[in-house]
Amino acid sequence: MKAVVIRTFGDPTGLEVVDAPVPVPAPGQVRIATEAIGVGGVDAVIRRGTLAAYGFREGHLLGSEVAGRVTAVGEGVDASWTGRRVWAFTGLSGGYAEQAVAAVEDVLALPDGLTGADAVTLGGSGVVAHFALDRARLAPGETVLVRGAAGSIGITAVQLAARTGAGAVAVTTSSTERGARLRDLGATHVLDRSGQAAPDAPAAPDVPEGFDVVIDVVGGPQVPRFLDRLNTNGRYVAVGVVGGPPPADFGMRLMDGFRRSLSFATFSSDTVPGPDRQAVRSSQFADAVRGDLRTVVHAVLPLDDAVPAHRAMDEGKVFGRIVLTP
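One structure accompanies this document, and this report is about it. (Residues numbered from 1 in each chain as written. Predicted model: local features only at pLDDT ≥ 70, side-chain atom pairs only at ≥ 80, totals over all residues. Heavy atoms only, no water.)

### Observations regarding the overall build of the protein chain
We apply this condition: Each helix corresponds to a stretch of at least 4 residues labelled H or I by DSSP, and each strand to a stretch of at least 2 residues labelled E; elements are numbered beginning at the N terminus. Throughout, the radius of gyration refers to the C-alpha atoms, and the reference size of a globule is 2.2 Å times the residue count to the power 0.38. Exposure classes here rest on a 1.4 Å probe applied to the protein chains alone. A residue is buried below 20% of its type maximum, exposed above 50%, and partly exposed in between. Contacts were defined at the residue level, with two residues in contact if any of their heavy atoms lie within 4.5 Å. Accessible areas in this description were obtained via Shrake-Rupley with a 1.4 Å probe; residue shielding takes into account the shown protein chains only. The convention is simple: Lys and Arg are positive, Asp and Glu are negative, and His and the chain ends are not counted. Here the site of a charge means NZ on Lys, CZ on Arg, CG on Asp, or CD on Glu.
A tally of regular secondary structure across the protein chain gives 9 helices and 15 strands. Radius of gyration (C-alpha) of the protein chain: 20 Å, near the 20 Å computed for a compact globule of 326 residues. If one aligns the C-alpha atoms of the protein chain with their principal axes, the spans along those axes are about 55 × 40 × 35 Å. Sorting the 326 residues of the protein chain into buried and exposed places 51% on the buried side. A sequence separation of at least 24 residues applies to 70% of the contacts in the protein chain between residues at least 6 apart. When the accessible surface of the protein chain is totalled, it reaches about 13800 Å², and 52% of it is carbon and sulfur. Within the protein chain, one finds 30 positive and 35 negative side-chain charges whose respective centroids are separated by 3 Å.

### Considerations on the environment of N233
With respect to the helices and strands, the residue N233 is situated in strand β12 (residues 230-238). Here the alpha-carbon distance between N233 and D212, two residues 21 residues apart in the chain, equals 7.1 Å. Sequence-distant contacts of N233, that is, excluding residues within four places in its chain, are made with R260, S261 and L262.

### Digging into helix α9 (residues 306-314)
Applicable threshold: Picture the helix axis, draw a direction to every C-beta atom, and the arc is the one those directions span.
All of the buried residues in α9 are A306, A309, H310, A312 and M313. Each buried residue of α9 lies within a common arc of 155 degrees when the element is viewed along its axis, so the set occupies one face. Here the buried face of α9 lies against β1 (2-6), β2 (15-19), β3 (29-39), α1 (41-48), β14 (297-302) and β15 (321-325). Remark: G316 follows α9 within two positions and exhibits a positive phi of approximately 70 degrees.

### Quick word on empty space enclosed by the protein
Let me state the cut-off plainly: Buriedness for pockets is judged along seven lines, at least five of which must meet protein on both sides within 12 Å for an open set on the 1 Å grid over protein atoms alone, while cavities are sets there where a 1.4 Å probe fits but cannot get out, and lining residues have an atom within 4 Å of a point. Grid points are joined across faces, edges and corners, and a volume is the space filled by probe spheres set on the points. Residues are grouped as follows: Ala, Val, Leu, Ile, Met, Phe, Trp, Tyr, Cys and Pro are nonpolar; Asp, Glu, Lys and Arg are charged; every other residue, Gly included, is polar.
Per the counting criterion, the structure on display carries 1 cavity of 30 Å³ or more. Considering only enclosed or pocket space, the largest cavity measures out at about 40 Å³ in volume. In this structure, the largest cavity is lined by T121, L122, S152, I155, T156, R294, T295, V296 and G320. Where the lining of the largest cavity is concerned, the elements lending two or more residues are α2 (116-122) and α4 (152-164). Considering every element that reaches the lining of the largest cavity, the biggest residue donor is α4, with 3 residues. Along the lines of polarity and charge, the residues of the lining of the largest cavity split into 3 nonpolar, 5 polar and 1 charged.

### Quick look at helix α3 (residues 125-136)
Test applied: To estimate the expected span of a helix, subtract one from its residue number and multiply by 1.5 Å.
Between its first and last C-alpha, α3 extends 16 Å over 12 residues, near the 16 Å set by a 1.5 Å rise per residue. Across the 12 residues that make up α3, a large majority, 9, are buried. When we look at burial in α3, the residues that qualify are S125, G126, V127, V128, A129, F131, A132, L133 and A136. Structurally, α3 contributes buried residues whose contacts are with α2, β8 (143-147), α4, β11 (211-216), β12 and α8 (274-290). Immediately beyond the C-terminal end of α3, within one or two residues, lies R137, with a positive phi of roughly 55 degrees.

### Comments concerning the pattern of salt bridges
Here is the rule we go by: When a carboxyl oxygen of Asp or Glu lies within 4 Å of a side-chain nitrogen of Lys or Arg, that pair is called a salt bridge.
On inspection of all chains with the given rule, the structure shows 16 salt bridges. One salt bridge connects R163 with D287, and the closest N-O pair in it is separated by 3.4 Å. Of the two residues, R163 is situated in helix α4 and D287 in helix α8; the sequence distance between them amounts to 124 residues. For R163, a relative accessible area of 47% gives the class partly exposed. Residue class for D287 comes out buried when judged on its relative accessible area of 8%.

### Side note on the layout of surface pockets
Considered as a void within the structure, the second largest pocket measures approximately 150 Å³ in volume. Lining the second largest pocket are V42, T50, L51, Y54, F56 and L92. For the lining of the second largest pocket, a count of residues per class yields 5 nonpolar, 1 polar and no charged.

### Side note on a nonpolar patch on the surface
This is how the line gets drawn: Grouping into patches uses exposed residues only, defined as over 30% relative accessible area, and leaves out salt-bridged ones; the cut-off is 9 Å for like charges and 5 Å for nonpolar side chains (Val, Leu, Ile, Met, Phe, Trp, Tyr).
A cluster of nonpolar side chains, M252, M255 and F258, forms an exposed patch at the surface whose accessible area comes to about 360 Å². Within the element layout of this structure, M255 appears in helix α7 (residues 251-256).

### With respect to the sheet that holds strand β9 (residues 168-172)
Note the threshold: A pair of strands is considered paired only if DSSP assigns at least 2 bridges between the two. Helix axes are fitted only over the stretch in contact, all axes being lines through C-alpha atoms; the angle between N-to-C directions runs from 0 to 180 degrees.
Taken in spatial order, the 6 strands make up an open sheet running β10-β9-β8-β11-β12-β13, and their pairing is parallel. In this open sheet, the two edge strands, each paired with only one partner strand, are β10 (189-191) and β13 (263-266). Within this sheet the neighbouring strands show an average axis-to-axis angle of 15 degrees, counted without direction. Where β11 meets β12, 5 bridges bridge the pair, whose relative direction is parallel. When the sheet's bridge partners are listed, V214 is paired in β12 with Y236. The sheet contacts of α3 involve β8, β11 and β12, and relative to β11 the element is tilted by about 145 degrees.

Spelled out as structure tokens, the structure:
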């Protein structure tokens, strides 16, 4: 079968399309003929070699999120899964392929009316956005800043924050066009990447001086700058590091604001019990079918175009999610 692996860590040209053996589902697993494969920020981080210290090696088959039809089941799995259209989390590998395997507890049947592309755009990111806001204890009337809002996690977080009744939903993004699209999704204030009001943004109420909650998908060297934007009792939740790790001494910013009782947390959906993740995912899929939650698919490309897909991510050209198809 066709698959995409990391030939060499670094820029997107290190990805290679190869002929790989069709995986055999182990006990407790299902095999899926993929129709849609999500291209996520974590894929780019792994491809660059940033996580090599965590055991990722060259030759790694990328991809963690797929949708498609179950073609085989492993020992102990109900045979009725065979033939069903599903969304699946494959771990942190194995998704960029014509066939993928996943543990059955990480598989969810797709509702009628939801495309595979929409499923892999919302399935993983929606859960992260939901539980990040839950961990931040965002309450109606509070202000929230979503940093790096143009990706699928940020887009969902904006919508969920607006539905919660946040007093202001600010976003950082890189262009007027993206800002307008985020406003259409529920953002009330558009800031540039440094957190300043975008000079060409439409007239809007004054940008809040501080925020009760910051949801950060980016990380990187500017984390201290955004910690400074927290209100007293503010909560900062980091859900990604697509911009790299923060400075090693960023915690000093929290200590400098000791008397304001600031909080910083990292969040991974791995820490949420599987049934809870699946319940939220099922609810969000139903919302998407009804039109109550919007997905944004930037482009659907063939699996052979993994290199240009990753290049577009690295160049900051993606709004929403790129989806690959075999």
